[in-house]
Amino acid sequence: MQVKIEPTWAQVLQPEFDSPYFAELAGFVRTEYAKGTCYPPAKFIFEAFNRTPFDKVKVVIIGQDPYHGPNQAHGLCFSVLPPTPPPPSLVNIYKELEREYGTAIPRSTGDLTRWADHGVLLLNATLTVAAARPMSHSGRGWERFTDAVVAALNNRREHLVFILWGASAQKKGVNIDRSRHLVLSSAHPSPLSAHRGFLGCGHFRAANDYLARHGLAPIPWI
């Protein structure tokens, strides 16, 4: 099937698009969007890829499920478009950035598009969800697809930073080659777990330090 996605990703992921499981997944997603409200809006399903081409990725942050409320999900994990205020997990991400960099971050926006434009692939494990039904599109093939994304980055790129917050993301990163990439793991930034290792993790500076050691420009986190 034809998927509208950034050309470098289209080339890398064509075997997935040509697979029977993806045809089944695409049919399921089309049906779900036709019968009720789903997120993100269809034009944003592949926004993470369209914003961050395969050969421009420097950092990968793995989320789990898109936000399932109105005016939230737009295809980048943890990110929301204005005027939606930052959700609780993103507030804790901001707190950690403030701790690492000593700079206050306004809570007026939760838009992380700038990160994506500078090489941060903000990848959810599942790319779609039904309104008010978290995890409703899990187990339908998205996880296999995003496993293939992680595998392609692991196998075809060098010196990437994979940031894995929480058990779900860490499971997805279990096969990453630690000799070729930096893997940073901690608790999830959710208010339920942020104080169990996320706050104080130092991941943003650690990522930039690693990029600098390999001659790559740092991410403008703030």
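Residues numbered from 1 in each chain as written. Predicted model: local features only at pLDDT ≥ 70, side-chain atom pairs only at ≥ 80, totals over all residues. Heavy atoms only, no water.

Caption draft 1: Summary view of the environment of Gln72. The topology assignment puts Gln72 in the loop between strand E2 (59-63) and helix H4 (88-101). Each residue touching Gln72, except ones within four places of it in the same chain, is listed here: Tyr67, Ser79, Val80, Leu81 and Thr84. (Helix = DSSP H or I, 4+ residues; strand = E, 2+ residues; numbered from the N terminus. Contact = heavy atoms within 4.5 Å.)

Caption draft 2: Spatial organisation of the nonpolar core. The biggest cluster of nonpolar side chains holds 69 residues, and the ones touching the most others in it are Ile61 and Phe145. Setting aside its immediate chain neighbours within four residues, Ile61 contacts Cys77, Phe78, Trp115, Val120, Leu121, Leu122, Leu123, Ile163, Trp165 and Trp221. (Core = buried A, V, L, I, M, F, W, Y, C linked by side-chain atoms within 4.5 Å. Buried < 20%, exposed > 50% of the residue type's maximum accessible area, 1.4 Å probe, protein only.)

Caption draft 3: Summary view of the packing of aromatic side chains. Taken as a whole and assessed by the stated rule, the structure comprises 18 aromatic pairs. Relative to Phe145, the ring of Phe49 has its centre 6.0 Å away and its plane inclined at 65°; by these criteria the two rings are edge-to-face. Within this pair, whereas Phe49 is found in helix H3 (residues 47-51), its partner Phe145 is found in helix H6 (residues 142-156), the two being separated by 96 residues in sequence. Ring geometry for Phe204 against Trp221: centres 4.9 Å apart, planes inclined by 70°, an arrangement best described as edge-to-face. Of the two residues, Phe204 sits in helix H8 (residues 203-213) while Trp221 sits in the segment after H8, which places them 17 residues apart along the sequence. (Phe/Tyr/Trp six-rings, centres within 6.5 Å; stacked < 30°, edge-to-face > 60°.)

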